[in-house]
Amino acid sequence: TQSQPGVSQITSVITESTGTNSLVNPDRAGNPSLRPERTTTLQLGLERFLKDKRGSGGLNLFVRDTRDKILNQTLEETVLGATRFVVRPVNAASARDISLVLDFKLKPKAIQRLDLQGNVSANQLEVQDLSGGSVRRETPRKAASLRADYKLAQQKTSLGGSLSWNSSFDRESFGNTLVTVASTHQIDVYAVYRLNPSSNIRLSLSNLTAPDTKTTSQRSTAGVVQSRVTSSSEGVRMVMLTLERKW
């Protein structure tokens, strides 16, 4: 496959950051010289189906080799006479992404109206830079999710929710910059009332616990840490009441 860069990735305009310019809050700019990513993917999968349509389970291995992979690079640049941190997309020489995913769907015999879905995954990304002399590897990213749906047939109502989790991981943005992203989780719940075969009313509570997200950036010179900045973004909780209709 071939993936073209987006318009925002090739613009030469620099958009200044809101607040204090820093490693974790840099200005943003594009790169008119970006080339398309070219990716070759190998997928190996094993799937098992349970009796009486009670569900299924699967194990999948993905290996993706990418040429000219687009990554973000944060450097200090002179903008209107001032030195500021600017993040721009650049093409890495090559990258290999290996993912292992286990997923399942289940209808327990003991609870006829309950549907369960979930998955667990691990991902390892290895990037070789343009010089060909350095290989950068992200620590494995791990993720898991679980979704449950329960139907109340007599009341024409469905209740459900989902829980997702992503592990913390380290990544090298390029050169002497190391970025650490803290672990995150999200809880969503909902209730759906069926008005008729084609219309529903849905009440959704998204990101119920609204956890903060923390990112730490560190710059080093000759192995000595020169600066460390931690940024925290506040979680946002959303409540939505919607009318759904099928035509």
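Cut-offs applied
- Residues numbered from 1 in each chain as written.
- Predicted model: local features only at pLDDT ≥ 70, side-chain atom pairs only at ≥ 80, totals over all residues.
- Heavy atoms only, no water.
- Helix = DSSP H or I, 4+ residues; strand = E, 2+ residues; numbered from the N terminus.
- Polar contact = N/O pair within 3.5 Å; in protein donor to acceptor, adjacent residues only side chain to side chain.
- Pairing = 2+ DSSP bridges.
- Salt bridge = Lys/Arg side-chain N within 4 Å of Asp/Glu carboxyl O.
- Buried < 20%, exposed > 50% of the residue type's maximum accessible area, 1.4 Å probe, protein only.
- Core = buried A, V, L, I, M, F, W, Y, C linked by side-chain atoms within 4.5 Å.
- Contact = heavy atoms within 4.5 Å.

### Looking at the side chain of Thr 66
- With respect to the helices, strands and loops of the structure, Thr 66 is situated in strand β4 (residues 55-67).
- A polar atom in the side chain of Thr 66 sits 3.2 Å from the side chain of Thr 39.

### Let's talk about the sheet that holds strand β2 (residues 27-28)
- Reading across from one edge, β2-β6-β5 is the order of the three strands in this open sheet, with mixed pairing throughout. In this open sheet, the two strands that pair with only one neighbour each are β2 and β5 (70-79).
- As paired strands, β5 and strand β6 (residues 82-91) are joined by ten bridges and run antiparallel to one another. Paired with Asn 72 across the two strands is Pro 89, which belongs to β6.

### Digging into the pattern of salt bridges
- This structure, assessed with the given rule, holds ten salt bridges.
- The shortest N-O distance in the salt bridge between Asp 68 and Arg 35 comes to 3.0 Å. Of this pair, Asp 68 sits in the loop between β4 and β5 while Arg 35 sits in the loop between β2 and β3 (37-49); the two residues are 33 residues apart in sequence, bridging distant segments of the chain.
- Owing to a relative accessible area of 37%, Arg 35 belongs among the partly exposed residues under this scheme.
- Across the pair Arg 64 and Asp 97 runs a salt bridge whose closest N-O atoms are separated by 3.8 Å.

### With respect to the pairing of strand β11 (residues 157-166)
- Examined bridge by bridge, strand β10 (residues 141-152) and β11 share ten bridges and lie antiparallel to one another. Directly across from Ala 148, in β11, lies its bridge partner Gly 161.
- Between β10 and β11, which follow one another and run antiparallel, lie four residues, and Lys 156 among them has a positive phi close to 55°.
- Here β11 pairs with strand β14 (residues 184-196) via ten bridges, running antiparallel. Following the sheet pairing, Asn 166 is matched in β14 by Thr 184.

### Points about the nonpolar core
- Counting residues in each nonpolar core, the largest one holds five residues, listed as Leu 71, Ala 92, Ala 95, Leu 125 and Val 127.
- Not counting residues up to four positions away in its chain, the partners in contact with Leu 125 are Lys 69, Ala 95, Arg 96, Asp 97, Arg 136, Arg 137 and Glu 138.

### Examining the side chain of Asn 21
- Within the fold, Asn 21 resides in the loop between α1 (7-10) and β2.
- Within the structure, Asn 21 has its side chain in polar contact with the side chain of Asp 27 (distance 3.2 Å).
- With residues near it in sequence (within four places) discarded, Asn 21 still touches Pro 26, Asp 27, Arg 84 and Phe 85.

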